[in-house]
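Below are the chains, spelled out letter by letter.
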Amino acid sequence: MLRDYQQRAIDQLYSWFASGNEGNPCLVLPTGSGKSHIVAVLCKDALQKWPETRVLMLTHVKELIEQNAEKMRQHWPGAPMGIYSASIGRKQLGEPITFAGIQSIRTKAQEVGHIDLVLIDECHLVSHNDEGGYRTFLSELQAINPALRVVGLTATPYRLGHGLITDAPAIFADLIEPVSIEELVFRGYLSKLRSKVTGARLDVSKVKKRGGEYIEADLQRAVDTDDQNHAVVREVIYRAEDRKAWLFFCTGVAHAQHVAEVLQEYGIATACVTGDTPKAERAEILSAFKAGKIRALTNANVLTTGFDYPDIDLIAMLRPTMSPSLYVQMAGRGMRPKSHTDHCLVLDFAGVVATHGPITAVQPPKKAGSGEGETPVKVCDNCSELCPISARVCPACGAEFPAPEPKKFHLHTDDIMGIEAQELEVTEWNWRKHVSKSSGKEMLAVTYYGALSDKPITEYLPVLHDGYAGQKAMRQLLTMANSSGAHLAEAAHLEGSEGLDYLAVQMSNSNPPSSIEYRLDGKFHRVIKRSWA
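Residues numbered from 1 in each chain as written. Predicted model: local features only at pLDDT ≥ 70, side-chain atom pairs only at ≥ 80, totals over all residues. Heavy atoms only, no water.

**Quick notes on the overall build of the protein chain**
(1) Moving on: Within the protein chain, the regular secondary structure consists of 15 helices and 26 strands.
(2) Moving on: Considering only C-alpha atoms, the protein chain reaches an extent of 75 × 65 × 55 Å along its principal axes.
(3) Moving on: The buried share among the 533 residues of the protein chain stands at 51%.
(4) Moving on: Partitioning the intrachain contacts of the protein chain with sequence separation of at least 6 by distance along the chain shows that 69% fall at a separation of at least 24.
(5) Moving on: Surface exposure of the protein chain reaches about 25,600 Å², of which carbon and sulfur atoms provide 49%.
(6) Moving on: In the protein chain, 57 positive and 63 negative side-chain charges are present, and the distance between their average locations comes to 3 Å. (Helix = DSSP H or I, 4+ residues; strand = E, 2+ residues; numbered from the N terminus. Buried < 20%, exposed > 50% of the residue type's maximum accessible area, 1.4 Å probe, protein only. Contact = heavy atoms within 4.5 Å. Areas by Shrake-Rupley, 256 points an atom, 1.4 Å probe, with all protein chains shown as cover. Lys, Arg positive; Asp, Glu negative; His and termini not counted. Charge placed at Lys NZ, Arg CZ, Asp CG, Glu CD.)

Structure (structure tokens):
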């Protein structure tokens, strides 16, 4: 049996297709929500309703292929399925359902033949542009069956340097978000994370970036020093207390190995896993870690996806990154419900939490510029010369520019979850049309009122905005309307300001929630839970 939100994901997917939408949707599901269960039931349902359907499930790592296939067998023991993966040692084609690794199957479109539905796990790895293994393979499958549909699944629907995975010319047209991290934590399906500001902090102020991310060789030179490695390990040991399973994310192979050596110097049973670790040795190390024979595990770029051990109770982030996807994947390793505690401690030596904010409010990275805009400049105070923004010295007069201020850790308590909320007992609410002072765009605003001594809380819903922000706001509005008993049927015939006025009246006249939970998110309040008595 599926959990209610898992069935909700399938129902919303069917509804999306039934509405006549063009293109391909993506299911956005937090790490630990059970994507493989959803995939299994979706495949079973498709074949039992339409027996001629042929489904291909793609992903990029062996562990995810095995997990997805295992859940398929659980939900449908006699499922007509095959596995095509060189790393697993099986190359089976011809079954109605095939679980495959993209590296193994990407040149085999003609052998695969007619496919009706492709499911892609970790689909944020599919290139925005019409290039790369996934895109070439999908194009060849579509040439065989022009009616092919693709459904993506990911916890992080964005790519560094490209923005949302729905931004053109991506193959995904829309995001479907059936459940949030907050809901899963509140209902006990995910464990909380707790984070602390660390005494030791890795300085990357002089590390250059390429493609929006730190250059790995330069990053490793800045981070992997004997003094910093010892300082980090000492602090981890001090803060860990009796925690039993520690996972370290390092900047590269050498860094992971050096941190492991320092941990061993301090008497901590430790192993290191990298991309160079032989498969049999890696499996043995992970088994020992899960059995409690190894207390600490260091890794470089290999345990972010496809590795799940619920009882991980300490994560040490030693890998600075500008990628929100990598941040969420690292943090997600600690969010499985545990047998011995209610949370996982995250020690963020790399300033990742400060860079990206709480994992419940991570913002998609900005889309890379087209290169056609004006070059950013600054003005020399001495001679008024216009200089490149990166200049340290004015090329005209030689005056030095002040050194840029180092980025400050703006989260004083490093609230990685972003769900430490305040509660307001609501007595009434008021909806109105609002015009943004910064953008001039129209949106809805709702203000919640409590007792006379309570500060009113206002949130904004940009339901008219294009793309992801508008879609998300509209879904939130419809959810609130359903709970409050509002009737919004006529809104479908209205547009722009007139539509906003109508929505504001209808929502103001409906039943407000009995209470809300909210937190300050920058300058504005973000309501994270609404309860109707």
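Still more to cover.
**Thoughts on helix α10 (residues 253–265)**
(1) Moving on: Helix length check: α10, at 13 residues, gives a terminal C-alpha distance of 19 Å against a target of 18 Å (1.5 Å per residue), a fit within 8%.
(2) Moving on: Along α10, the residues that are buried comprise H255, A256, V259, A260, V262 and L263. End-on view of α10: buried residues confined to an arc of 160 degrees, all on one side of the axis.
(3) Moving on: Packed against the buried residues of α10 are α8 (216–223), α9 (226–240), β14 (246–249), β15 (270–273) and β16 (296–299).
(4) Moving on: Count one or two residues on from α10 and you reach G267, which has phi positive near 85 degrees. (Expected span 1.5 Å × (residues − 1). Arc of directions from axis to C-beta.)

**Quick look at the sheet that holds strand β17 (residues 314–317)**
(1) Moving on: Taken together, the six strands give an open sheet; going across it, the order is β11-β18-β17-β14-β16-β15, and neighbouring strands pair in parallel fashion. Since the sheet does not close on itself, it has two edges, and those belong to β11 (192–196) and β15, each with one partner. Recorded for the sheet is a direction-independent mean angle of 20 degrees between the axes of neighbouring strands.
(2) Moving on: Pairing of β15 with β16, which is carried by four bridges, proceeds in the parallel orientation. Residue C272 lies in a different strand from β16, and its bridge partner there is T298.
(3) Moving on: Contacts from α9 reach β11, β14, β17 and β18 (343–348), with the element oriented near 150 degrees to β14. (Pairing = 2+ DSSP bridges. Axes fitted to C-alpha atoms, helices over the stretch in contact; angles between N-to-C directions.)

**Quick notes on the pairing of strand β10 (residues 172–176)**
Along any regular strand, the residues point their side chains to alternate faces of the sheet.
(1) Moving on: The element β10 is extensively covered by neighbouring structure, given that four of its five residues are classed as buried.
(2) Moving on: Relative to β10, strand β1 (residues 24–28) runs parallel, the two being bridged by four bridges. Following the sheet pairing, P25 is matched in β10 by D174.

**Overview of the nonpolar core**
(1) Moving on: Counting residues in each nonpolar core, the largest one holds 98 residues, and the members touching the most others are L58, V118, L119 and L297.
(2) Moving on: Here this core takes seven residues from helix α2 (residues 35–49), the largest share from any one element.
(3) Moving on: Filtering out sequence-adjacent residues up to four positions away, L297 remains in contact with W246, L247, F248, A271, V273, I285, L286, F289, L303 and F307.
(4) Moving on: Within the second largest apolar cluster, 29 residues are counted, among which are A200, C250, A296 and A316. (Core = buried A, V, L, I, M, F, W, Y, C linked by side-chain atoms within 4.5 Å.)

**A look at the state of the cysteines**
(1) Moving on: What the rule picks out here adds up to zero disulfides.
(2) Moving on: Here C43 stays free of any disulfide, with the sulfur of C123 as its closest cysteine sulfur at 15 Å.
(3) Moving on: When its relative accessible area of 1% is taken as the criterion, C43 is described as buried. (Disulfide = S-S within 2.5 Å.)

**Examining empty space enclosed by the protein**
(1) Moving on: A complete count under the given rule lists two cavities of 30 Å³ or more for this structure.
(2) Moving on: Size it by volume and the largest cavity reaches roughly 50 Å³.
(3) Moving on: In terms of lining residues, the largest cavity is bounded by C123, V126, S127, H128, R135, R159, I165, A170, I171 and F172.
(4) Moving on: In the lining of the largest cavity, the residues fall into six nonpolar, two polar and two charged. (1 Å grid on protein atoms, 1.4 Å probe; cavity = no way out; pocket = protein on both sides within 12 Å on 5 of 7 lines; lining within 4 Å. Points joined across faces, edges and corners; volume = space filled by probe spheres on them. Nonpolar A, V, L, I, M, F, W, Y, C, P; charged D, E, K, R; others polar.)

**Some details on the confidence of the model for the protein chain**
(1) Moving on: Averaged over every residue, the pLDDT of the protein chain is 87; residues scoring 70 or more account for 91%.
(2) Moving on: The weakest mean pLDDT in the protein chain belongs to strand β19 (residues 377–379) at 64; the strongest belongs to β14 at 97.
(3) Moving on: This stretch, residues 370–375, has a pLDDT under 50; its non-local contacts, to residues over four places away or in other chains, come to zero contacts.
(4) Moving on: The model gives residues 406–413 a pLDDT under 50, and that stretch makes 14 contacts with residues more than four places away or in other chains. (pLDDT = per-residue confidence, 0-100.)

**Section: the environment of T341**
(1) Moving on: The topology assignment puts T341 in the loop between α12 (324–332) and β18.
(2) Moving on: On the accessibility criterion, T341 (24% relative accessible area) is partly exposed.
(3) Moving on: Along the chain, T341 and I10 lie 331 residues apart, while their C-alpha atoms are 32 Å from each other.

**Concerning the side chain of K338**
(1) Moving on: Tracing the backbone shows K338 in the loop between α12 and β18.
(2) Moving on: Buried charge K338 goes without a salt bridge, the closest partner of opposite sign being D311 at 6.1 Å.
(3) Moving on: For K338, the side chain forms a polar contact with the main-chain oxygen of P310, separated by 2.8 Å.
(4) Moving on: A polar atom in the side chain of K338 sits 2.9 Å from the backbone oxygen of G334. (Salt bridge = Lys/Arg side-chain N within 4 Å of Asp/Glu carboxyl O. Polar contact = N/O pair within 3.5 Å; in protein donor to acceptor, adjacent residues only side chain to side chain.)

**Quick notes on the packing of aromatic side chains**
(1) Moving on: By the definition in use, this model includes six aromatic pairs.
(2) Moving on: Aromatic side chains W16 and F17 sit 5.3 Å apart centroid to centroid with 85 degrees between the ring planes, which places their arrangement in the edge-to-face category.
(3) Moving on: Overall, the relative accessible area of 8% leaves W16 in the buried class.
(4) Moving on: For F17, a relative accessible area of 26% puts it in the partly exposed group. (Phe/Tyr/Trp six-rings, centres within 6.5 Å; stacked < 30°, edge-to-face > 60°.)

**Concerning unusual backbone geometry**
(1) Moving on: Located in the positive-phi region is E122, a residue other than glycine, with phi close to 55 degrees.
(2) Moving on: Along the polypeptide, E122 turns up in the loop between β6 (117–121) and α6 (132–144).
(3) Moving on: With a phi angle near 55 degrees, E241 is a residue other than glycine that sits in the positive phi range.
(4) Moving on: Structurally, E241 is set in the loop between α9 and β14.

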